[in-house]
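Listed below are the residues making up each chain.
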Amino acid sequence: MATDDEALTKLSVAEAARAIAGGRLTSRRLVAACLERIDQREGTVGAWEFLDQSLALAQADQCDNSASRGPLHGVPVGIKDIIQTADMPTGCGSPIYRNHRTGVDAECVKRLRAAGAVIMGKTVTTEFAVFAPGKTTNPHNRMHTPGGSSSGSAAAVADRHVPFALGTQTAGSVIRPASFCGVVGYKPSYARIPFDGVMLSSTTLDTLGIFARTVEDAAIVASVLAGIPFKDPASIAVANPRIGMFRTPWWDKAEPEMRDTIEATAEALVQAGASVREVTIPGFEELRDAHARLMSREIAASRQYEYENHRSSVSARLQEIIENGRALRIAEVQDAIRVARRGRIQLAEAFSGIDVLLTPSAPGSAPEGLSSTGDPIFNAVWTLLGVPCITYPAGRSSKGLPLGVQVIGPVESDERLLAATRWMTRAAA
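Now for a quick tour of the structure.

Conventions used here
- Residues numbered from 1 in each chain as written.
- Predicted model: local features only at pLDDT ≥ 70, side-chain atom pairs only at ≥ 80, totals over all residues.
- Heavy atoms only, no water.
- Pairing = 2+ DSSP bridges.
- Helix = DSSP H or I, 4+ residues; strand = E, 2+ residues; numbered from the N terminus.
- Axes fitted to C-alpha atoms, helices over the stretch in contact; angles between N-to-C directions.
- Contact = heavy atoms within 4.5 Å.
- Phe/Tyr/Trp six-rings, centres within 6.5 Å; stacked < 30°, edge-to-face > 60°.
- Buried < 20%, exposed > 50% of the residue type's maximum accessible area, 1.4 Å probe, protein only.
- Salt bridge = Lys/Arg side-chain N within 4 Å of Asp/Glu carboxyl O.
- Right-handed = clockwise from strand over helix to strand, strands pointing away.
- Core = buried A, V, L, I, M, F, W, Y, C linked by side-chain atoms within 4.5 Å.
- Expected span 1.5 Å × (residues − 1).
- Polar contact = N/O pair within 3.5 Å; in protein donor to acceptor, adjacent residues only side chain to side chain.

With that out of the way, let us pick up the sheet that holds strand S2 (residues 76-80). Pairing is mixed in the open sheet, where 11 strands are placed in the order S1-S3-S2-S4-S6-S5-S10-S11-S9-S7-S8. For this open sheet the edge positions go to strand S1 (48-51) and strand S8 (275-278), each flanked by a neighbour on one side alone. Between one strand axis and the next, the sheet turns through 30 degrees on average, direction left out of account. Here four bridges tie strand S7 (residues 242-245) to S8, and the two strands are oriented parallel to one another. When the bridges of S8 are listed, Arg-242 appears paired with Ser-275. Along the sheet face, helix H3 (residues 27-45) touches S1, S2 and strand S3 (118-123) and points at about 20 degrees away from the line of S3.

Set out below in structure tokens:
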């Protein structure tokens, strides 16, 4: 293992945790190296909403002066700024809550602390985790979006500020920015990780997610957050997985480079021994509108206070979503629920005879410009259906920007999805 400070910022969660546990590295040295990297790059990337170097180093010193508390002992993490932290503000990407402190930890933060993680700081989120961008840029090209809403978390991991970070997804807020920034992004099955203490957008859609460098890292962090024993993806037998290539009804919305990446990935997987076949799912196009209706209806409810009492501080885009949600008739909402229920049944049938689905993570690489975070067209339906999703870097665009592919598993098949994706990352390489 390289020991210079630049190499330290490239360590995975697993590598860092093993080095600290083995006495080859201290948490203070790792955290200090990450802080130095942030000092060098934050002016360009803008991943952090709150960062207190002395607080981060004090946590690291506590780790170095105590017995190991768990599998993340001494490893730094970034926390999306809609997740409550007792010793830091939680601003939710809005001037309404700038410097707001709740004095309590979200359940996921409690679990990270109990496992020994160093809470480095709060990463930038879009306004209330919806669409209005924050200050973050794409680490690969500052003129391109990092995606959203978990923009700061994706950029912080991609730019080597921290080995892993937490985000949330209501439409595509984990998978899309992970794809744009070139890291692993994992959205578990719905409700697998407690959402207590996280700002609510949608009771039926919100899901906590993880940004990391490897599939193994995502699995380690997920086991801590879900409160279940760790299963190393390498230990789960998935030789020659059965993969369904699902172009989705929106294949024509994918850019040629993304379509080429999906097809090249499928071909490489076949060469490595997987079986790959085309999959179609009837009625799938209805799910996108169902997601949009439920999301706008529930955001209208969750943001009612801010809309009615601080409307001038709410972006025009969010006001539009709230007003659309308020205008929905109850029959339209009930129909969306029925469509989602039927979609879950149809998807379960589609998984008969296959292990995972392969599909785009986003329409293409990160779009140029910072006024939008990109289109979640290839993500929202999976969030609605509550299934586990993961993206990993699979190529580069002609502009040198990352292209990610998305792998979908049946609901509550998270461990097998992680194992299959680990196999795929090695096979396609």
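The tally for this structure, following the rule as stated, stands at five aromatic pairs. Taking 6.0 Å as the distance between ring centres and 75 degrees as the angle between the ring planes, the aromatic pair formed by Phe-246 and Trp-382 counts as edge-to-face. One end of the pair, Phe-246, is in the loop between S7 and helix H9 (256-271); the other, Trp-382, is in helix H14 (residues 380-385), with 136 residues separating them in the sequence. Here the two residues Phe-246 and Trp-382 agree in accessibility, since each one is buried. Taking 5.3 Å as the distance between ring centres and 50 degrees as the angle between the ring planes, the aromatic pair formed by Phe-284 and Trp-382 counts as tilted. With Phe-284 in the loop between S8 and helix H10 (286-302) and Trp-382 in helix H14, this pair connects stretches of sequence that are 98 residues apart. Assessed through its relative accessible area of 2%, Trp-382 is described here as buried. Members of the aromatic cluster, each reached through a chain of ring pairs, are Phe-246, Trp-250, Phe-284 and Trp-382.

Attention now goes to the pattern of salt bridges. If you walk through the whole model with that rule in mind, you get 24 salt bridges. The closest approach of N and O atoms between Arg-111 and Glu-107, which form a salt bridge, is 2.8 Å. Taken together, the residues span about one helical turn, with Arg-111 and Glu-107 both in helix H5 (residues 107-114) at a distance of four residues. Given a relative accessible area of 24%, Glu-107 falls into the partly exposed group. The salt bridge partner of Asp-289 is Arg-293, with a shortest N-O separation of 2.9 Å. In this pair, Asp-289 and Arg-293 are both assigned in helix H10, four residues apart and thus about one turn of the helix distant.

In terms of residue burial, S3 counts as a mostly covered element, since six of its six residues are buried. Strand direction decides the pairing type here: S1 and S3, joined by three bridges, are antiparallel. Bridge pairing in S3 links Trp-48 to Thr-123. Bridging between S2 and S3 involves five bridges; their strand directions are parallel. Bridge pairing links Lys-80 to Thr-123 in S3. The β-α-β motif built from S2, the intervening H5 and the parallel element S3 has right-handed crossover chirality.

Glancing now at the nonpolar core. Counting residues in hydrophobic clusters, the biggest one holds 139 residues, and the most contacted among them are Leu-72, Ile-83, Leu-112 and Trp-382. By residue number, the principal contributor to this core is helix H8 (residues 215-226), which donates nine residues. If near-sequence neighbours (up to four positions away) are discounted, Ile-83 is found in contact with Thr-90, Ala-106, Cys-108, Val-109, Lys-122, Leu-166, Gly-197, Val-198 and Leu-208.

In this model H8 runs 16 Å from its N-terminal to its C-terminal C-alpha over 12 residues, within 8% of the 16 Å that 1.5 Å per residue would give. Of all the 12 residues making up H8, 11 are buried; the element is thus mostly covered by neighbouring parts of the structure. Restricting attention to buried positions, one finds in H8 the residues Val-215, Asp-217, Ala-218, Ala-219, Ile-220, Val-221, Ala-222, Ser-223, Val-224, Leu-225 and Ala-226. Among the residues trailing H8, Gly-227 stands out with phi positive, at a value near 70 degrees.

Moving on: the side chain of Thr-126. Note on placement: Thr-126 falls in the loop between S3 and helix H6 (151-158). Polar contacts involving the side chain of Thr-126 include one to the main-chain carbonyl oxygen of Val-130, which spans 2.9 Å. Ignoring any residue separated from it by four or fewer positions in sequence, one finds Thr-126 in contact with Cys-92, Gly-93, Phe-131, Ala-132, Pro-133, Gly-134, Gly-148, Ser-149, Ser-151 and Thr-373.

As a further point, take the environment of Arg-288. Of note, Arg-288 is situated in helix H10. Using a relative accessible area of 35% as the deciding quantity, one classes Arg-288 as partly exposed. Arg-288 sits 90 residues away from Phe-378 along the chain, and the two C-alpha atoms are 9.4 Å apart. Setting aside chain neighbours within four positions, we find Arg-288 in contact with Trp-250, Asp-375, Ile-377 and Val-381.

Okay, the environment of Arg-69 next. Assignment of secondary structure puts Arg-69 in the loop between helix H4 (53-64) and S2. Once the C-alpha coordinates of Arg-69 and Arg-113 are considered, the two residues, 44 residues apart in sequence, prove to be 8.5 Å apart. Apart from residues lying up to four places away in sequence, Arg-69 is in contact with Cys-63, Arg-113, Ala-114, Ala-115, Gly-116 and Ala-117.

The next point concerns the pairing of strand S10 (residues 389-396). Bridge analysis of strand S5 (residues 184-187) against S10 gives three bridges, and the strand direction is antiparallel. Paired with Tyr-186 across the bridge in S10 is Ile-390. Taken together, the seven bridges between S10 and strand S11 (residues 402-408) define a ladder with antiparallel strand orientation. Each residue of the ladder has a partner; that of Tyr-392, found in S11, is Val-405. Once S10 ends, the chain turns through five residues before running back antiparallel as S11, passing Gly-400 with a positive phi of about 85 degrees.

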